[in-house]
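Descriptive analysis of the structure
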Amino acid sequence: MVKNTGRPGYLQIADDLRAQINGGSLAPGAPLPSTAQLAEQYDASLSVVKMAVGILRNEGLVIGQQGKGVFVRDAEERPAGDEQADVAELRAAVRDLSVRLAKVEEQLATSTSRRPGRSSR
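Residues numbered from 1 in each chain as written. Predicted model: local features only at pLDDT ≥ 70, side-chain atom pairs only at ≥ 80, totals over all residues. Heavy atoms only, no water.

Here four bridges tie strand 1 (residues 62–65) to strand 2 (residues 69–72), and the two strands are oriented antiparallel to one another. Across the sheet, I63 pairs through a bridge with F71, a residue of strand 2. Taken together, strand 1 and the strand that follows it, strand 2, pair antiparallel across an intervening segment of three residues, in which G67 is found at a positive phi of about 80°. (Pairing = 2+ DSSP bridges. Helix = DSSP H or I, 4+ residues; strand = E, 2+ residues; numbered from the N terminus.)

Following this line, the structure appears as C-alpha coordinates:
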(Lines give C-alpha, C1' and ligand atoms only; values in the text may rest on other atoms or scores of the structure.)
Protein backbone atom coordinates (compact mmCIF):
# COMPACT_ATOMS: atom_id res chain seq x y z
CA MET A 1 0.00 0.00 0.00
CA VAL A 2 1.25 3.47 -0.87
CA LYS A 3 1.83 5.59 2.24
CA ASN A 4 1.47 9.34 2.67
CA THR A 5 5.15 9.98 3.29
CA GLY A 6 5.65 12.82 0.86
CA ARG A 7 7.48 10.43 -1.47
CA PRO A 8 5.55 9.89 -4.72
CA GLY A 9 3.56 6.67 -4.85
CA TYR A 10 5.19 5.44 -8.05
CA LEU A 11 8.61 5.64 -6.37
CA GLN A 12 7.32 3.75 -3.33
CA ILE A 13 5.93 1.01 -5.57
CA ALA A 14 9.14 0.85 -7.62
CA ASP A 15 11.17 0.62 -4.40
CA ASP A 16 9.03 -2.23 -3.11
CA LEU A 17 9.13 -4.18 -6.37
CA ARG A 18 12.89 -3.57 -6.66
CA ALA A 19 13.37 -4.94 -3.14
CA GLN A 20 11.33 -8.03 -4.05
CA ILE A 21 13.45 -8.56 -7.17
CA ASN A 22 16.76 -8.04 -5.36
CA GLY A 23 15.57 -10.15 -2.41
CA GLY A 24 14.60 -13.05 -4.65
CA SER A 25 10.86 -13.16 -3.93
CA LEU A 26 10.40 -12.12 -7.56
CA ALA A 27 12.82 -14.52 -9.22
CA PRO A 28 14.43 -14.07 -12.65
CA GLY A 29 11.95 -15.01 -15.35
CA ALA A 30 8.98 -14.58 -13.03
CA PRO A 31 6.15 -12.41 -14.28
CA LEU A 32 5.17 -9.30 -12.40
CA PRO A 33 1.51 -9.21 -11.41
CA SER A 34 -0.65 -7.41 -13.97
CA THR A 35 -0.99 -3.65 -13.81
CA ALA A 36 -4.54 -4.06 -12.49
CA GLN A 37 -3.38 -6.48 -9.79
CA LEU A 38 -0.57 -4.16 -8.73
CA ALA A 39 -2.96 -1.19 -8.67
CA GLU A 40 -5.25 -3.13 -6.35
CA GLN A 41 -2.39 -4.43 -4.21
CA TYR A 42 -0.92 -0.95 -3.70
CA ASP A 43 -4.26 0.89 -3.71
CA ALA A 44 -2.96 3.10 -6.51
CA SER A 45 -4.11 4.18 -9.95
CA LEU A 46 -3.10 2.33 -13.11
CA SER A 47 -1.00 5.29 -14.24
CA VAL A 48 0.97 5.31 -10.98
CA VAL A 49 1.66 1.58 -11.32
CA LYS A 50 2.70 2.02 -14.97
CA MET A 51 5.16 4.74 -13.96
CA ALA A 52 6.64 2.45 -11.29
CA VAL A 53 7.06 -0.41 -13.75
CA GLY A 54 8.57 2.05 -16.24
CA ILE A 55 11.26 2.93 -13.72
CA LEU A 56 12.12 -0.75 -13.30
CA ARG A 57 12.27 -1.11 -17.09
CA ASN A 58 14.64 1.84 -17.35
CA GLU A 59 16.81 0.28 -14.67
CA GLY A 60 16.91 -2.96 -16.65
CA LEU A 61 15.33 -5.01 -13.86
CA VAL A 62 12.28 -6.07 -15.86
CA ILE A 63 11.45 -6.52 -19.51
CA GLY A 64 8.10 -6.38 -21.22
CA GLN A 65 6.94 -8.91 -23.77
CA GLN A 66 4.11 -7.72 -25.98
CA GLY A 67 0.91 -9.56 -25.18
CA LYS A 68 2.53 -11.65 -22.45
CA GLY A 69 3.41 -9.31 -19.61
CA VAL A 70 6.39 -7.93 -17.76
CA PHE A 71 9.06 -10.31 -16.49
CA VAL A 72 12.02 -10.07 -14.12
CA ARG A 73 15.27 -10.10 -16.06
CA ASP A 74 18.10 -12.47 -15.26
CA ALA A 75 20.92 -10.72 -13.43
CA GLU A 76 23.32 -11.60 -16.27
CA GLU A 77 21.06 -9.86 -18.80
CA ARG A 78 20.77 -6.66 -16.82
CA PRO A 79 22.86 -3.75 -18.01
CA ALA A 80 25.84 -3.16 -15.77
CA GLY A 81 25.58 0.24 -14.17
CA ASP A 82 28.61 2.13 -13.00
CA GLU A 83 26.88 4.68 -10.82
CA GLN A 84 30.07 6.41 -9.70
CA ALA A 85 31.10 6.98 -13.29
CA ASP A 86 27.63 8.28 -14.11
CA VAL A 87 27.75 10.72 -11.21
CA ALA A 88 31.23 11.91 -12.20
CA GLU A 89 30.04 12.43 -15.76
CA LEU A 90 27.03 14.41 -14.58
CA ARG A 91 29.19 16.57 -12.32
CA ALA A 92 31.55 17.34 -15.19
CA ALA A 93 28.61 18.29 -17.40
CA VAL A 94 27.20 20.58 -14.71
CA ARG A 95 30.60 22.26 -14.25
CA ASP A 96 30.88 22.79 -18.00
CA LEU A 97 27.38 24.22 -18.21
CA SER A 98 28.07 26.51 -15.23
CA VAL A 99 31.14 27.94 -16.92
CA ARG A 100 29.27 28.44 -20.18
CA LEU A 101 26.34 30.08 -18.40
CA ALA A 102 28.65 32.45 -16.53
CA LYS A 103 30.18 33.54 -19.86
CA VAL A 104 26.75 34.14 -21.40
CA GLU A 105 25.63 36.13 -18.36
CA GLU A 106 28.81 38.20 -18.50
CA GLN A 107 28.32 38.92 -22.21
CA LEU A 108 24.69 39.81 -21.62
CA ALA A 109 25.56 42.19 -18.78
CA THR A 110 28.25 43.84 -20.90
CA SER A 111 26.00 44.24 -23.93
CA THR A 112 23.08 45.72 -21.99
CA SER A 113 25.26 48.26 -20.19
CA ARG A 114 26.70 49.51 -23.49
CA ARG A 115 23.49 50.03 -25.47
CA PRO A 116 23.65 53.27 -27.43
CA GLY A 117 20.87 55.77 -26.95
CA ARG A 118 20.13 54.60 -23.43
CA SER A 119 21.14 56.74 -20.57
CA SER A 120 20.73 56.03 -16.94
CA ARG A 121 18.88 58.76 -15.09
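After presenting the structure, the write-up continues.
Core analysis: the biggest nonpolar cluster contains 18 residues, and L17, I21, L32, L56 and V62 have the highest contact counts within it. Of all elements in the fold, only helix 1 (9–23), helix 2 (35–42), helix 3 (46–58) and strand 2 reach the threshold of two or more residues within this core. For this core, the element with the highest residue contribution is helix 3, accounting for five residues. (Core = buried A, V, L, I, M, F, W, Y, C linked by side-chain atoms within 4.5 Å. Buried < 20%, exposed > 50% of the residue type's maximum accessible area, 1.4 Å probe, protein only.)

Unlike most non-glycine residues, D43 shows phi in positive territory, near 50°. Inspection of the secondary structure puts D43 in the loop between helix 2 and helix 3.

Turning our eyes to something else, we now look at the side chain of Q12. Counting through the fold element by element, Q12 comes out in helix 1. Looking at Q12, the relative accessible area reads 16%, which means it is buried. At 3.4 Å, the side chain of Q12 and the side chain of T5 are in polar contact. Among all residues touching Q12, those that are not within four sequence positions of it are V2, K3, T5 and R7. (Polar contact = N/O pair within 3.5 Å; in protein donor to acceptor, adjacent residues only side chain to side chain. Contact = heavy atoms within 4.5 Å.)

A few words on the confidence of the model for the protein. Overall, the predicted model of the protein reaches an average pLDDT of 85, with 84% of residues at or above 70. Highest mean pLDDT in the protein belongs to helix 2 (96); lowest belongs to helix 4 (residues 83–113) (80). (pLDDT = per-residue confidence, 0-100.)

Taken as a whole, this structure holds four salt bridges when the rule is applied. Among the ionic pairs, R7 bridges to D15, the shortest N-O distance being 2.7 Å. The exposure class of D15 is partly exposed, given its relative accessible area of 28%. Two residues, R18 and D15, come together in a salt bridge whose shortest N-O distance is 2.8 Å. With R18 and D15 both in helix 1, this residue pair falls three residues apart, about one helical turn. Several salt bridges share partner residues, and in doing so they unite R7, D15, R18 and E59 into one network. (Salt bridge = Lys/Arg side-chain N within 4 Å of Asp/Glu carboxyl O.)

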